[in-house]
Amino acid sequence: MRKALILAGLLACTAHAQPPALPAAPQMTQQMQEAMMRQMQMMAIMFDLRTSKLGFEETVAAIRAAAEKRGWKVDQVHDVQAAMKAEGAKDAPRMKVVAACPKDANEQLAMASQGKAPPLPCRLTVFEAKDGKIQVMRLNTGMLAKGLQGDAAKVMAQIAGEEEAVLQGVVQ
């Protein structure tokens, strides 16, 4: 499922950026496949996808409650399925995005990185996969912390720890 989501995203992003395809020699085709595989692996590292132990609405409520309990700023919960249906989608998947961030996380990260790190999206997406399982996806801040240095790495690791605490008891 994870690979399928990542592949779909990659294909959507690259479909319009590609020049018309030329007949490729077998060696060139292999190189292209290897490059696509590396891109998929990088995307898999960038996002954390986990299966919830709870039902759909229970997962959304548990994430929101845990975030609020930890003092996070919880802006709102976006009902993506409702928005898609309002735009005419007939078979929109169950999906909600919880807009929540540890208190002052982006300010702390900006200060620690001297303004060089972009703001975090602060989103946790809950959706029902085609197999019926409830999934939670977020930016893999723990992995991002490993790519930073100094205070920025420490702040990002703290943010990752906060996110893990919110998801504890919710995901497998």
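Keep in mind the model is a prediction, meaning the values are calculated, not measured.

1. Concerning the confidence of the model for the protein chain
Argument step 1. Predicted confidence across the protein chain gives a mean pLDDT of 86, with 85% of residues reaching 70 or more.
Argument step 2. When the criterion is pLDDT under 50, residues 4-17 qualifies, and its contacts beyond four places in sequence or with other chains add up to 12 contacts.

2. Overview of the nonpolar core
A general trend in soluble globular proteins is that nonpolar side chains are found buried together.
Argument step 1. One finds I63 and V126 to be the most contacted residues of the largest nonpolar core, which totals 17 residues.
Argument step 2. At 5 residues, helix 3 (residues 56-69) tops the list of elements feeding residues into this core.
Argument step 3. In this view, V126 contacts F56, T59, V60, I63, R94, M95, K96, I134, Q135 and V136; residues no more than four positions away in its chain are not counted.
Argument step 4. By size, the runner-up hydrophobic cluster in this structure holds 13 residues, among which are A112, L120, C122 and A145.

3. Side note on the side chain of T141
Argument step 1. Summarising the element assignment, T141 is placed in helix 6 (residues 141-146).
Argument step 2. The class of T141 is buried, set by a relative accessible area of 1%.
Argument step 3. If we ignore the near neighbours within four places in the chain, the residues touching T141 are L120, M156, I159, A160 and E163.

4. A short note on the pattern of salt bridges
Argument step 1. Scanning the model with the defined rule gives 10 salt bridges in all.
Argument step 2. Residue R94 pairs with E128 through a salt bridge whose shortest N-O separation is 3.3 Å. A residue pair is termed long-range when its members are at least 10 positions apart, and R94 in the loop between helix 4 (80-86) and strand 3 (95-101) and E128 in strand 4 (residues 123-128) qualify at 34 residues.
Argument step 3. A salt bridge links E163 to R138; the nearest nitrogen and oxygen atoms lie 2.3 Å apart. Taken together, the residues E163 in helix 7 (residues 150-167) and R138 in strand 5 (residues 134-139) connect sequence positions 25 residues apart. This pair shows no difference in class: E163 is buried, exactly as R138 is.
Argument step 4. Put simply, D48, R50, R138, E163 and E164 are held in one network by salt bridges that share partners.

Calculation criteria
Residues numbered from 1 in each chain as written. Predicted model: local features only at pLDDT ≥ 70, side-chain atom pairs only at ≥ 80, totals over all residues. Heavy atoms only, no water. pLDDT = per-residue confidence, 0-100. Contact = heavy atoms within 4.5 Å. Core = buried A, V, L, I, M, F, W, Y, C linked by side-chain atoms within 4.5 Å. Buried < 20%, exposed > 50% of the residue type's maximum accessible area, 1.4 Å probe, protein only. Helix = DSSP H or I, 4+ residues; strand = E, 2+ residues; numbered from the N terminus. Salt bridge = Lys/Arg side-chain N within 4 Å of Asp/Glu carboxyl O.

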